[in-house]
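Observations on chain architecture
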Amino acid sequence: MKRTITLVAAALAVVAGGATAASHALKGARYAGQAKVSLAAARGTALKARPGTITDQELEREAGGSGLRYSFDIKAGGKTYEVGVDAKTGAVLENAAEGAHPD
């Protein structure tokens, strides 16, 4: 039984991009019912636009696109980038280095 749980946890870590589900809880999950793009698809889009490691994720209302976006902080090459993916269309809305005062 313990081995099965360990294997399931490892599989979840692979699906979550190398991190356990607990370390990547979705902030703004209350908006999930309004999203047409799944979190998994948005994560894939973000990592394709900016390969690296997702360190934070959020579903938020923000101007631009449909007004609902997934926002990912991605660590790559020693810097942190913010990648925004429209939660209704899947389009990349933002892909830039985090400023001195991140959200």
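Scroll up to find the structure.
Since this is a predicted model, take the numbers as computed values, not measurements.

Moving on: the packing of aromatic side chains. The tally for this structure, following the rule as stated, stands at one aromatic pair. When the ring centre of Tyr81 is taken as reference, the NZ or CZ atom of Arg50 above it lies at 3.8 Å.

Turning our eyes to something else, we now look at the side chain of Asp73. Along the polypeptide, Asp73 turns up in strand S2 (residues 68-76). No salt bridge is formed by the buried Asp73; its nearest oppositely charged neighbour, Lys27, is found at 6.6 Å. Excluding residues that lie within four positions of it along the chain, Asp73 makes contacts with Thr53, Ile54, Thr55, Asp56, Thr80, Tyr81, Glu82 and Glu98.

So, on to the environment of Gly52. Along the polypeptide, Gly52 turns up in the loop between helix H2 (39-49) and strand S1 (53-61). Measuring from C-alpha to C-alpha, the distance between Gly52 and Ile74 comes to 5.9 Å, with 22 residues separating the pair along the chain.

Once that is clear, we can look at the sheet that holds strand S4 (residues 92-97). Strands pair in a sheet through their backbones, by hydrogen bonds, and they do so in one of two ways: parallel or antiparallel. Spatial ordering of the open sheet is given by S1-S2-S3-S4, a layout of four strands whose pairing is antiparallel. Of all the strands in the sheet, the pair left with one neighbour each is S1 and S4. On average, adjacent strands in this sheet sit at an angle of 15° to one another, irrespective of strand direction. With five bridges connecting them, strand S3 (residues 79-86) and S4 associate as antiparallel partners.

A separate point is H2. Residues three or four positions apart in an α-helix share a direction because the helix packs 3.6 residues into each turn. All buried positions along H2 are accounted for by Ala42, Arg43 and Ala46. Viewed end-on, H2 has its buried residues packed into an arc of 100°, placing them on one side of the element. Counted as exposed and oriented over 90 degrees from the buried face of H2: Ala40 and Lys48. For H2, the secondary structure elements touched by its buried residues are S1, S2 and S3.

Rules behind the numbers
Residues numbered from 1 in each chain as written. Predicted model: local features only at pLDDT ≥ 70, side-chain atom pairs only at ≥ 80, totals over all residues. Heavy atoms only, no water. Phe/Tyr/Trp six-rings, centres within 6.5 Å; stacked < 30°, edge-to-face > 60°. Lys NZ or Arg CZ within 6 Å of the ring centre and 35° of its normal. Helix = DSSP H or I, 4+ residues; strand = E, 2+ residues; numbered from the N terminus. Buried < 20%, exposed > 50% of the residue type's maximum accessible area, 1.4 Å probe, protein only. Lys, Arg positive; Asp, Glu negative; His and termini not counted. Salt bridge = Lys/Arg side-chain N within 4 Å of Asp/Glu carboxyl O. Contact = heavy atoms within 4.5 Å. Pairing = 2+ DSSP bridges. Axes fitted to C-alpha atoms, helices over the stretch in contact; angles between N-to-C directions. Arc of directions from axis to C-beta.

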